[in-house]
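Take a look at the letters that make up each chain.
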Amino acid sequence: MTELALELIRVEYAYRRDVALRGVSLQVRPGEVVAVTGPSGCGKSTLLHCAAGILRAQAGTVHLVGQNLAELPEADRTRLRRTQAGVVLQFGQLVPDLSLTDNVALPLLLEGHEREAARRAALGWLERVGVADDAAATPSELSGGQNQRAAVARALVTGPAIVFADEPTGSLDTHAGEQIMELLLSSARVGGSALVIVTHDNLVAAYADREVRLRDGVIQHEVSLS
Ligand SMILES: Nc1ncnc2c1ncn2[C@@H]1O[C@H](COP(=O)(O)OP(=O)(O)OP(=O)(O)O)[C@@H](O)[C@H]1O
């Protein structure tokens, strides 16, 4: 049986008194594109952050490429996240003082890749996402769309098993948003990465193989779209 890219089993999470997830179970197959939708405050971002290991599930289990996050020592968990999970957030979250090349090279450098090789790989990805001409610029010199393109490159440069995107088009106009979605999907497909996208946007959800709709911290229903 092929290993799942992601498996959540009865995951729970609360912020003090605010219960965000009340036992969420979800499986994502390799290469699958899943949209997580639902009203504001239903727990979408919390789900994504628990799945990506940014937040630690308070109950239940998260398996990333077959590995139980809670059972890994901190260093191994960090390494697994860095190599197997790419993350794209609403505003790029690039390092402000670094060029696009260095931003995209960073995950490879942190993994111990040699600097020139990391920069070459980063440039290759910047070309693929259409911002190679801006490789030497820093994020503040560029538009939101250009930054999101670089964020997509940074998420995919390690060849992760899964990419987590939280409202990746939320800060962009419709046209730039569509371009980023096309790019995320095609880039994930090239590398065989699964994709989990949190979105409010029905158009974005329409790109997915499956829609998982949350309500009040539980999965209300799932719809297969492919
Ligand atoms: N840092 C935090 N501190 C306290 N409560 C929080 C925090 N982050 C989220 N919450 C609460 O947890 C619940 C789920 O929030 P979450 O951001 O996961 O939902 P969401 O569906 O992503 O919302 P949105 O679509 O508005 O981004 C909400 O009730 C929210 O108020």
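Thresholds applied
- Residues numbered from 1 in each chain as written.
- Predicted model: local features only at pLDDT ≥ 70, side-chain atom pairs only at ≥ 80, totals over all residues.
- Heavy atoms only, no water.
- Pairing = 2+ DSSP bridges.
- Helix = DSSP H or I, 4+ residues; strand = E, 2+ residues; numbered from the N terminus.
- Axes fitted to C-alpha atoms, helices over the stretch in contact; angles between N-to-C directions.
- Contact = heavy atoms within 4.5 Å.
- Near = heavy atom within 4 Å.
- Polar contact = N/O pair within 3.5 Å; in protein donor to acceptor, adjacent residues only side chain to side chain.
- Areas by Shrake-Rupley, 256 points an atom, 1.4 Å probe, with all protein chains shown as cover.
- Nonpolar A, V, L, I, M, F, W, Y, C, P; charged D, E, K, R; others polar.

By the naming in an unreviewed UniProt entry, the chain goes by Putative ABC transport system ATP-binding protein and is assigned to Kribbella caucasensis.

Participant: Would you mind showing me how to read the sheet that holds strand β10 (residues 218–224) here?
Facilitator: Sheet strands line up and pair through hydrogen bonds in the backbone, either parallel or antiparallel. On the basis of which strands lie adjacent, the open sheet formed by six strands has the order β6-β7-β8-β3-β9-β10 and mixed pairing. The open sheet has two edge strands, β6 (85–88) and β10, and neither has a second partner. Taking the axes of each pair of neighbouring strands and ignoring which way they run, one obtains an average angle of 20° across the sheet. Sheet topology note: the strand β3 (residues 33–37)/strand β9 (residues 210–215) ladder contains four bridges and is parallel. Bridge assignment links T37 to a residue of β9, and that residue is R213. Those strands touched by helix α1 (residues 44–51) are β3, β7 (162–166), β8 (194–198) and β9, and its axis lies near 150° from that of β7. With respect to the sheet, helix α6 (residues 174–191) is in contact with β3, β6, β7 and β8, its orientation differing from that of β8 by roughly 155°.

Participant: Help me understand the sheet that holds strand β4 (residues 59–64), please; the structure alone is not making it clear to me.
Facilitator: The four strands are arranged β2-β1-β4-β5 in an open sheet whose pairing can be described as antiparallel. Strands at the two margins of the open sheet, each flanked by one partner only, are β2 (18–28) and β5 (67–68). Relative to strand β1 (residues 6–15), α1 is tilted by about 120°, and along the sheet it contacts β1, β2 and β4.

Participant: Honestly, the site of the ligand in this entry has me stumped. Any pointers?
Facilitator: Taken together, Y15, D18, A20, P39, S40, G41, C42, G43, K44, S45, T46 and H200 make up the full set of residues near the ligand. Take S45: an N or O atom from its main chain is 2.9 Å from an oxygen atom of the ligand. For the ligand, whose free accessible area comes to 630 Å², the fraction covered by protein is 61%. Among the secondary structure elements, those contributing two or more residues to the shell around the ligand are β2 and α1. At three residues, the largest contribution of residues to the shell around the ligand is made by α1. Split into classes, the residues belonging to the shell around the ligand amount to four nonpolar, six polar and two charged.

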